[in-house]
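# Survey of secondary and tertiary structure
Each chain, written out:
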Amino acid sequence: MEKYDVVIIGGGLSSLTTAAYLSKRLRNVAVFEEGSRRKLQKYSNRLKDEFNNKFDFKFYNYDVGGVHEGNLFFEYIKACGLENNFEYSDNASVTIVDKNKRTVKRPNDYKNFLIYLVRYYPKQRDEIHRLFNDISRHHKHYKEQKIARLRNLENTIPSLLIEWGDLSLHSVLIKYFSDEDLINEFTLVYDSIGMPIEEINSYNYFIKWFDTFIDGAHFIQTSFDKIVKTFSAEISKTKEKVFTKRKIKEFIIVDGKIDKVIDNEGVEIQAKHYVINMRIDEFVDEYYPEGVDLKEKFHEMYSTKEIGRSINQVYIGLNKDAKTLGIKDKHYLFSNITTDDVRLLSLVNYKEIDKTSCKDGKGAILVEFLDDDQPRKEKLTQVIDQVAKYFPNIVDNIAVSKLGKKKEYFSGLASKEYWKNKTVNDLFDIDNYSELNPFENGYFIGSWVKPEAGITGMIQTGVEYGDKIEELIDMIDIHLTSY
């Protein structure tokens, strides 16, 4: 039998963050990944046209914030010892395509976004300032509590969770504004765009908002292949502990605790704690069919999961620089335009983020959209045709294109039944993830935990899981040495 302090099952960004955090603290950690390539590498795409020109999409296109010293996101990365390992580019503004198909450049920082909103919605100036004052208050308290937790100091529930945790973004904003166009401005951000505002969880949403608007929006310029290698190196400083091609076939659960797991070769693996990069409902379906009640609770906690919404991407290589074809800005976000055949969400001029993505004189763009069950080839054509309605000059300059793999796109909004009669102790359990995890020594993780928070939420959850596990292991060690 193999024995470790912590077993990580699945190599997603969140779970690798936990692994890196614990490895830095010299815990015996092992990562088991079913595939021959680690999951993060699926975000890398390389296209070649008929002349063998390469178009590389090497890193996640979503924005992150708080990457500078003193910012909260930086503090989480620092906790893993990786604060100097990644490169970023500033993303000071975004071009919004509004409901009338007009474009306007919108700033991506707190001060200038406030000025922008007051300029375009002057009749609600006082209400805008009132909201931003409340956001600033919640941000200050949230950051204080999270920093205190990282440093093992006394901390309490963030005011953001207490006041807005059970509300949709629409329920929050409608308390301040009556103008639906103004309210819609807040939906035009990565990780929430395309979701009905009534379905966006305000707590997860503002976690991301704090980083990107208050601490500054950025794009990651480090390839995900390199990110994987960086995390893997941190995990495997003593010896190789990232095991690929090893699928966990069975979980042995005894009295609400994971006793051990068994891989596809019949090897038994035991740990003090298990971090599972998997949704709880999927875990029940694959490993724990008797846990129907766990699945039902998961669907209460993520009530928009069963709507069946999907998101996808189209990668496009161009014969000319995108700027010469009318795509002059770094990235665009699209309002819901009911006359469009496809609900476009965003368009990123990849060449402006990564100058090495293709040869000089060529262009690379990435388009994100809401997907459906239409045949893949037809959907690719439909998306390109829709983009061409906004940027017609691309039509005769597409060298190569590829449709990505669609994935479920849901929010973290819990049902009203879930929030009913929640006590202060319940809020503590939500804040420290006890409410989410049904097993005493099991921790479910992934982008779905705080979906509206994006990469910010993934890194944060990964570090906070690691911090919690580290504290529990320390308590056991102290207890054992006291005898």
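Keep in mind that this is a model prediction, so the values were computed, not measured.

What counts and how
- Residues numbered from 1 in each chain as written.
- Predicted model: local features only at pLDDT ≥ 70, side-chain atom pairs only at ≥ 80, totals over all residues.
- Heavy atoms only, no water.
- Pairing = 2+ DSSP bridges.
- Helix = DSSP H or I, 4+ residues; strand = E, 2+ residues; numbered from the N terminus.
- Axes fitted to C-alpha atoms, helices over the stretch in contact; angles between N-to-C directions.
- Contact = heavy atoms within 4.5 Å.
- Polar contact = N/O pair within 3.5 Å; in protein donor to acceptor, adjacent residues only side chain to side chain.
- Patch = residues over 30% accessible without salt bridge, like charges linked within 9 Å, V, L, I, M, F, W, Y side chains within 5 Å.
- Areas by Shrake-Rupley, 256 points an atom, 1.4 Å probe, with all protein chains shown as cover.
- Salt bridge = Lys/Arg side-chain N within 4 Å of Asp/Glu carboxyl O.
- Lys, Arg positive; Asp, Glu negative; His and termini not counted.
- Charge placed at Lys NZ, Arg CZ, Asp CG, Glu CD.
- Buried < 20%, exposed > 50% of the residue type's maximum accessible area, 1.4 Å probe, protein only.
- Phe/Tyr/Trp six-rings, centres within 6.5 Å; stacked < 30°, edge-to-face > 60°.
- Lys NZ or Arg CZ within 6 Å of the ring centre and 35° of its normal.
- Parallel < 35°, antiparallel > 145°, perpendicular 65-115°, else oblique.
- Left-handed = near helix turned anticlockwise from the far one by under 90°.
- Bend = angle between axes of the 7 residues up to and from the residue.

## Some points on the sheet that holds strand β5 (residues 63-65)
One open sheet accounts for three strands, arranged β5-β9-β6; its pairing is antiparallel. Looking at which strands have only one partner, the edges of the open sheet turn out to be β5 and β6 (88-90). Strand after strand, the sheet turns through a mean of 45 degrees between neighbouring axes, direction not considered. Inspection of the sheet shows β5 paired to strand β9 (residues 217-220) by three bridges, in the antiparallel sense. Within β9, the residue paired with D63 across the bridge is F219.

## Details of the environment of E180
Its location among the elements puts E180 in helix α7 (residues 180-185). If sequence neighbours within four positions are ignored, E180 has contacts with H170 and I174.

## Comments concerning the side chain of N201
By secondary structure assignment, the location of N201 is in the loop between α7 and α8 (202-214). A distance of 2.9 Å separates a polar atom in the side chain of N201 from the backbone nitrogen of N204. Residues contacting N201, with those up to four places away along its chain left out, are G165, L167, G412, L413 and E452.

## Description of a negative patch on the surface
On the surface, D293, E296, E300 and E417 cluster together into a negatively charged patch. Looking at the negative patch element by element, the count peaks at three residues for helix α11 (residues 292-301). Within the secondary structure, E296 is located in helix α11.

## Focus: the pattern of salt bridges
Counted according to the given criterion, the structure contains 38 salt bridges. E163 is the partner of R137 in a salt bridge, and the nearest nitrogen-oxygen pair spans 3.0 Å. Here R137, found in helix α4 (residues 125-150), pairs with E163, found in helix α5 (residues 159-164); they are 26 residues apart in sequence, far enough to count as distant. Using a relative accessible area of 36% as the deciding quantity, one classes E163 as partly exposed. In the salt-bridge network here, residues are joined through shared partners; they are R279, D281, E282, K305 and E408.

## Remarks on the packing of aromatic side chains
Applying the stated criterion to the full structure yields 39 aromatic pairs. With centroids separated by 5.1 Å and ring planes inclined at 45 degrees, the aromatic side chains of W164 and F206 adopt a geometry described as tilted. Here F206 lies in helix α8 and W164 lies in helix α5, a separation of 42 residues in the sequence. On the basis of relative accessibility, which here comes to 0%, the residue F206 falls in the buried class. Stacked on the ring of Y21, the Lys or Arg R25 has its end atom at 3.6 Å from the ring centre. The cationic tip of K422 hangs over the ring face of Y418; the distance from NZ or CZ to the ring centre is 3.8 Å.

## A few points about the packing of helix α3 (residues 110-120) against α4
Direction vectors running N to C along α3 and α4 enclose 160 degrees, while the axes themselves pass 9 Å from each other. One finds that α3 runs roughly antiparallel with respect to α4. As α3 runs across α4, the sense of the crossing is right-handed. Contacts from Y110, F113, L114, L117 and V118 in α3 reach R125, I128, H129, F132, N133 and S136 in α4.

## Remarks on the environment of V383
For V383, the position within the fold is in helix α13 (residues 376-390). When its relative accessible area of 0% is taken as the criterion, V383 is described as buried. Sequence separation between V383 and D371 is 12 residues; the distance between their C-alpha atoms is 9.6 Å.

## Observations concerning the pairing of strand β3 (residues 45-48)
Here β3 shows one buried face, formed by N45 and L47, and one open face, formed by R46 and K48. Summarising the sheet, β3 and strand β4 (residues 54-57) pair through four bridges and their orientation is antiparallel. Opposite R46, over in β4, you have D56 as the bridge partner. In sequence, β3 turns back onto β4 through a hairpin of five residues, with N52 there showing a positive phi of about 70 degrees.

## Remarks on α8
K208 marks where α8 bends most, by close to 25 degrees. Here α8 lies mainly inside the structure; 12 of its 13 residues are buried. Considered for burial, the residues of α8 that qualify are S202, Y203, N204, Y205, F206, I207, K208, W209, F210, D211, T212 and F213. Its side-chain oxygen placed 3.1 Å from the backbone nitrogen of Y203, N201 serves as the N-cap of α8. Just past α8, the residue G216 takes up positive phi, approximately 105 degrees.

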